[in-house]
Amino acid sequence: MPAFPLVIVVSPLSSIVKDQVGFLTNLGFEVAFIGEGDIIEGNIKPQFLYGSPEPIVGDIKFKEMFSHLHYRQNVAAIVCDEVQVFLFRGEKKDKKGPFRKWCGLVGEIKSFLPKQVLLALTATASPSTREKIIKSLSLKKCLYITVSPNRRNIKLFVLKVAIDISVNFKWLARELSKMRAECPRTLIHVRELVVNSVTFS
């Protein structure tokens, strides 16, 4: 067991970082995060350190810091949250290059913390995306832990439907027309922006 155990959490979304930092702080944990100007804010001896890929992997200052013996001995785990976002934002789509270069290079963290366990978290990765994530992070001998996303108020199911969006959402249109403001909240996930525009047109 490390003398000063630390979990490094790499997250691509600042809104999630703020929520989780607040949640862990309220539970009594010592938490810090790499804020604007790449300055560590929060507790000076944190149990959890949050940051985006840009400073953690892309800033030589933090690379050298994490390469120090103190961190090699005390970092208990590395957590990559919303790891599918790293993949999509770090992929090279065209001649301009990736939207966020360091998202695609998060796996480099294992070069200066090679013996630490890496936990990759995602709620939306398909089997093919999972394989891409494993390759991107250079993971070996992976242990998959899958948990049903169903909750008392949320359920996930997959249904093959017609291509015609007006047919697919006819039931929802009827519910909205009938119940108005009393209609239960419904989340619609679309994979492409063009589908999103058609859905609401």
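Residues numbered from 1 in each chain as written. Predicted model: local features only at pLDDT ≥ 70, side-chain atom pairs only at ≥ 80, totals over all residues. Heavy atoms only, no water.

- As recorded by an unreviewed UniProt entry, the protein chain carries the name Bifunctional 3'-5' exonuclease/ATP-dependent helicase WRN and is attributed to Acropora cervicornis.

Topic: helix 7 (residues 127-136)
Link 1 in the chain: If you check which residues of helix 7 are buried, you get Thr 129, Ile 133 and Ile 134. Looking down the long axis of helix 7, one finds its buried residues gathered within 145 degrees of arc, a one-sided arrangement. For helix 7, the exposed residues lying more than 90 degrees away from the buried face are Pro 127 and Lys 135.
Link 2 in the chain: Where helix 7 is buried, its residues contact helix 5 (83-90). (Buried < 20%, exposed > 50% of the residue type's maximum accessible area, 1.4 Å probe, protein only. Helix = DSSP H or I, 4+ residues; strand = E, 2+ residues; numbered from the N terminus. Arc of directions from axis to C-beta. Contact = heavy atoms within 4.5 Å.)

Here we look at the packing of helix 5 against helix 7
Link 1 in the chain: Interaxial distance between helix 5 and helix 7 falls to 10 Å at its minimum, and their mutual angle equals 80 degrees. When the axes of helix 5 and helix 7 are compared, the pair comes out roughly perpendicular. Where helix 5 abuts helix 7, its residues Val 83, Gln 84, Leu 87 and Phe 88 lie against Thr 129, Lys 132, Ile 133 and Ser 136.
Link 2 in the chain: Residues that form the contact of helix 5 with helix 7 fall into these classes: 4 nonpolar, 3 polar and 1 charged. (Axes fitted to C-alpha atoms, helices over the stretch in contact; angles between N-to-C directions. Parallel < 35°, antiparallel > 145°, perpendicular 65-115°, else oblique. Nonpolar A, V, L, I, M, F, W, Y, C, P; charged D, E, K, R; others polar.)

So, empty space enclosed by the protein
Link 1 in the chain: Taken as a whole and judged by the stated rule, the model has 1 cavity of 30 Å³ or more.
Link 2 in the chain: Considering only enclosed or pocket space, the largest cavity measures out at about 30 Å³ in volume.
Link 3 in the chain: Taken together, Val 83, Phe 86, Leu 87, Cys 103, Val 106, Ile 133, Ser 136 and Leu 137 form the lining of the largest cavity.
Link 4 in the chain: Per-element accounting of the lining of the largest cavity gives the leading share, 3 residues, to helix 5.
Link 5 in the chain: Across the lining of the largest cavity, the residue classes break down as 7 nonpolar, 1 polar and no charged. (1 Å grid on protein atoms, 1.4 Å probe; cavity = no way out; pocket = protein on both sides within 12 Å on 5 of 7 lines; lining within 4 Å. Points joined across faces, edges and corners; volume = space filled by probe spheres on them.)

Comments concerning the pairing of strand 5 (residues 75-80)
Two faces belong to every sheet, and in a regular strand the side chains alternate between them.
Link 1 in the chain: Most of strand 5 is tucked away: 5 of the 6 residues are buried.
Link 2 in the chain: Summarising the sheet, strand 1 (residues 6-10) and strand 5 pair through 5 bridges and their orientation is parallel. Counted as the bridge partner of Val 7 is Ala 77 from strand 5.
Link 3 in the chain: As defined by bridge partners, strand 5 adjoins strand 6 (residues 117-120) across 4 bridges and the pair is classed as parallel. Considered in strand 6, the bridge of Val 79 is made with Leu 119. (Pairing = 2+ DSSP bridges.)

Examining the packing of aromatic side chains
Here a ring pair, both rings aromatic, is described through the centre-centre distance and the interplanar angle of the planes.
Link 1 in the chain: Scanning the model with the defined rule gives 4 aromatic pairs in all.
Link 2 in the chain: Both rings, one in Phe 29 and one in Phe 48, keep their centres 5.4 Å apart while their planes meet at 85 degrees; by these two values the pair is edge-to-face. On the criterion of sequence distance, the pair formed by Phe 29 in the loop between helix 1 (14-26) and strand 2 (31-34) and Phe 48 in strand 4 (residues 48-51) is long-range, its members being 19 residues apart.
Link 3 in the chain: Residue class for Phe 48 comes out buried when judged on its relative accessible area of 18%. (Phe/Tyr/Trp six-rings, centres within 6.5 Å; stacked < 30°, edge-to-face > 60°.)

Considerations on the nonpolar core
Link 1 in the chain: Core analysis: the biggest nonpolar cluster contains 26 residues, and Ile 8, Ile 56, Phe 66, Ile 109 and Leu 113 have the highest contact counts within it.
Link 2 in the chain: Those elements giving two or more residues to this core turn out to be strand 1, strand 2, helix 2 (53-58), helix 3 (60-67), strand 5, helix 5 and helix 6 (109-112).
Link 3 in the chain: With residues up to four places along the chain from it excluded, the contact list for Ile 109 reads Ile 8, Val 10, Ile 56, Ile 78 and Leu 118.
Link 4 in the chain: Among the nonpolar cores identified, the runner-up in size contains 9 residues, and Val 21, Leu 24, Phe 48 and Val 79 belong to it. (Core = buried A, V, L, I, M, F, W, Y, C linked by side-chain atoms within 4.5 Å.)

Things to note about the layout of surface pockets
Link 1 in the chain: A volume near 330 Å³ is recorded for the second largest pocket.
Link 2 in the chain: In terms of lining, the second largest pocket is formed by 13 residues, of which the most central are Ser 14, Val 17, Phe 33, Ile 34 and Gly 35.
Link 3 in the chain: Taken together, the elements giving at least two residues each to the lining of the second largest pocket come down to helix 1 and strand 2.
Link 4 in the chain: Here the lining of the second largest pocket takes 4 residues from helix 1, the largest share from any one element.
Link 5 in the chain: Classifying every residue of the lining of the second largest pocket gives 5 nonpolar, 5 polar and 3 charged.

Quick notes on the pattern of salt bridges
Link 1 in the chain: As enumerated under the stated definition, the model contains 2 salt bridges in all.
Link 2 in the chain: For Arg 100, the salt bridge is made with Glu 54, and the minimal N-O distance between the two is 2.8 Å. Of this pair, Arg 100 sits in the loop between helix 5 and helix 6 while Glu 54 sits in helix 2; the two residues are 46 residues apart in sequence, bridging distant segments of the chain.
Link 3 in the chain: A relative accessible area of 14% means that Arg 100 is categorised as buried.
Link 4 in the chain: Here Lys 63 ties to Glu 108 by a salt bridge, and the two come within 3.5 Å at their closest N and O atoms. Taken together, the residues Lys 63 in helix 3 and Glu 108 in the loop between helix 5 and helix 6 connect sequence positions 45 residues apart.
Link 5 in the chain: For Lys 63, a relative accessible area of 22% gives the class partly exposed. (Salt bridge = Lys/Arg side-chain N within 4 Å of Asp/Glu carboxyl O.)

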